[in-house]
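Remarks on the overall topology
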Amino acid sequence: MVRLRTSFANYVTLWVVAVHIILLPALFFGMGYVIRKSHENLFVEHARTFARVVAEEFEVGAALDSRQRTEDLLDLAVLHGEALYAELYDRGVATRSRLGSADILSPRHTDLGFGQGGDGIYFIVLPIVHAGHNAELRLGFDELPAQERIHLALRRMLWLLGGYLGIAIGIAIVLSYRLSRPIHRLQDVSRVIATGDYARVLNISTGIRELHDLASDLEAMRRELVGVIKAKEQSEARRDELQRQLRHRQRLETVGTLASGIAHEFNNVLVPIILFTSTVLQDVSLAGASRSHLERVLGAARRAKDVVKKILTFTRELDEARLALIDLRVVVTEGLNLFSALAPPSIEIRTEIAEEIPLVKADATLALHLVINLCTNAYQAMDGADGVLSIGLRYRDCGDGSLGPQPCVELWVSDTGHGMEPDTLERIFEPFFTTRSVGQGTGLGLSVVHGIVESFGASITVETKIGEGTTFRVVFPAVVRVGDEFIAADA
Amino acid sequence: MRKILIVDDELDVRDSVKCVLNLAGYEVLTCDNATDALELLGRTPMDLVITDIIMPKMNGVQAIQAIRSEFPLVRIVAISGGGNFGAVGYQPAAIATNAYLKSAEEAGAHVVLTKPFEVADLLQAVETLLGVGHA
């Protein structure tokens, strides 16, 4: 079955009109009947009362004593009683008022009701007893004025009901539009939300409690939805970030594995170079350019040995890292002392070291290496221009709240250099990756930093902004004392 | 004259170490794999074996265990330059140099040296194990 649908305003208006189309005719006919009957009864009552008064006058008065008096009284009835016709029938003689209509036939009896006979006259016949004989008073009243009053009243009522109908429809239209406005607003916002714009707030101002409650419920649903979507987005972002970190780690592992293999081959190659060259140099007869050249070969081989050692540091092929409980404040202070001697005066060094931080499990020598490498990288990022290098240490809670507090020590080094593009940021820990000119760096510094951080079980993050600088943050799991034991928290 | 056996799959490593030791007055034999080295040890008594760790067929750690078991008087120097066994494909946990050398120590090597080493380091290790003036 097809169901016709229209707007809320039209729906209410149509219902109001439909109800009044049924109710108003019924009201009109009902009230019209009452008005008609009231007027008719009033007319009949008036006519009968007047007729009785005239009849009594004839009975008790002297009007029957002479024809002239009879005619005068009948004339009085016509003049003042609004009678159209007045006649007295006495002993076979009918005396009729000279003022009434002459062509009206004498009635035989009183009309039973208003409008009887369809002649427009209401007849009353009353018996009169005067001085021992009987007579009849016959009066006829004009029904037309009463009918006109009835018609006038009905017309007025019709206008009144018509006006009422108009006003009712007007009120229905205005009211329905006022009612439908918040519904339309709800509809608009719901459609916007349905298109995926969940930021649109359902703020409906209405005095209708049901609509207000509906809007409040929908707004609560929207907030819930926004929360679910936000949680989903955060979850997806976290998953993407974890996948990115995994890809990054896998790439570093792959590069590390490759570098480790190359280092092994390279070390084997360096053994004969160093040993043979050293052996030849032991020949005291060798002199001049030949000796000098061989010494340079030996020097180059030893530098190559250092490079391989750095590659192995990146791949965590370190000499056994001697992890011990250390105070990073001591390491940072020592690192700054060493670095200050190397740093140009154009670099301002700022320190922000907390007074009390927990111990961490690390190798003091490698940690020093880490600090110097980070400081060197920061200084080189400023390209010799004026700038600020900040280094800091602080205690912080690394937990997300789900597993309770996770004490950590954060070491950060920041510069006011040129910052890095995302592509550069992605590759900075790869060995031999460098953005500097040839001869200004091997590209091993940050890969060594990464290797050292990994060997400590710590983590490193980078924040950078083009034109503003870069901050490296190394987070060490702090060692907390439980009774007589030191327990390292997970980073 | 003290006899030293060098076991390494790299010819240049074998020859350079041999050159240094010959100049220092030692008699030096070489093998490019551990299996041949064990056979040679069975035929010819040696005072000291210098062996690489990462080698095809039998690796250095297994060789050290076999030498310690069959020839307990032979002194052993382990040398390694790190890297992966074969370095083929992706190996998530590359076994580190120090891990190789630690394994070698645990297997019975008397001295361990990281490649590349200096002449002085090599001679000091050999002299320490064989006794100064024994050459």
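All figures in this text were calculated on a predicted structure; none of them were measured in a lab. (Residues numbered from 1 in each chain as written. Chains lettered and ligands numbered in written order. Predicted model: local features only at pLDDT ≥ 70, side-chain atom pairs only at ≥ 80, totals over all residues.)

What follows concerns the overall build of chain B. Within chain B, the regular secondary structure consists of 5 helices and 5 strands. When the helices and strands of chain B are listed from N to C terminus, the series reads β-α-β-α-β-α-β-α-β-α. Per-residue burial over chain B gives 45% buried out of 135 residues. In chain B, the proportion of contacts linking residues at least 24 apart, taken out of those at least 6 apart, comes to 67%. (Helix = DSSP H or I, 4+ residues; strand = E, 2+ residues; numbered from the N terminus. Buried ≥ 20, exposed ≤ 12 C-beta atoms within 10 Å, placed from the backbone. Contact = placed C-beta atoms within 7 Å.)

Residue and element names in this part refer to chain B. In terms of residue burial, strand β3 (residues 48-52) counts as a mostly covered element, since 5 of its 5 residues are buried. Alternating positions in β3 separate into two faces, L48, I50 and D52 on one and V49 and T51 on the other, with burial throughout. Here strand β1 (residues 3-7) pairs with β3 via 4 bridges, running parallel. Looking at β3, one finds that V7 is bridged to T51. Pairing analysis gives 5 bridges linking β3 to strand β4 (residues 75-80), with the strands arranged parallel. Note on β4: the bridge partner recorded for I50 is V77. Running through helix α3 (residues 60-70), the crossover from β3 to the neighbouring parallel element β4 is right-handed. (Pairing = 2+ DSSP bridges. Right-handed = clockwise from strand over helix to strand, strands pointing away.)

This part is about the sheet that holds β3(B). All names here are of chain B. An order of β2-β1-β3-β4-β5 is seen for the 5 strands of this open sheet, with the pairing classed as parallel. Only two strands of the sheet have a single partner each, and these edge strands are β2 (27-31) and β5 (111-114). Taken pair by pair, the neighbouring strands of this sheet meet at an average axis angle of 20°, ignoring direction. Judged from the 5 bridges that link them, β1 and β2 form a sheet pairing that is parallel. Its bridge partner being in β2, L5 is matched across the sheet by L29. Helix α2 (residues 34-43) contacts β1, β2 and β3 of the sheet and is inclined by roughly 160° relative to β1. Along the sheet, α3 contacts β1, β3 and β4; its crossing angle with β3, the most-contacted strand, is approximately 160°. (Axes fitted to C-alpha atoms, helices over the stretch in contact; angles between N-to-C directions.)

This part takes up the confidence of the model for chain A. Of all residues in chain A, 91% have pLDDT values of 70 or greater, and the mean over the chain is 84. For chain A, the element scoring lowest by mean pLDDT is strand β12 (residues 485-488) of chain A, at 58; strand β9 (residues 407-415) of chain A scores highest, at 92. (pLDDT = per-residue confidence, 0-100.)

Attention shifts here to the nonpolar core. Residues B:I4, B:L5, B:V49, B:V77, B:A78 and B:A104 are the most contacted members of the largest nonpolar core, which totals 54 residues. With 9 residues, the single largest contributor to this core is helix α4 (residues 209-281) of chain A. Those residues in contact with B:V49 that lie beyond four places of it in its chain are B:L5, B:V7, B:I67, B:V74 and B:I76. In terms of nonpolar packing, the next biggest core, distinct from the first, is built from 39 residues, A:V332, A:A367, A:V453 and A:F456 among them. (Core = buried A, V, L, I, M, F, W, Y, C linked by C-beta atoms within 7 Å.)

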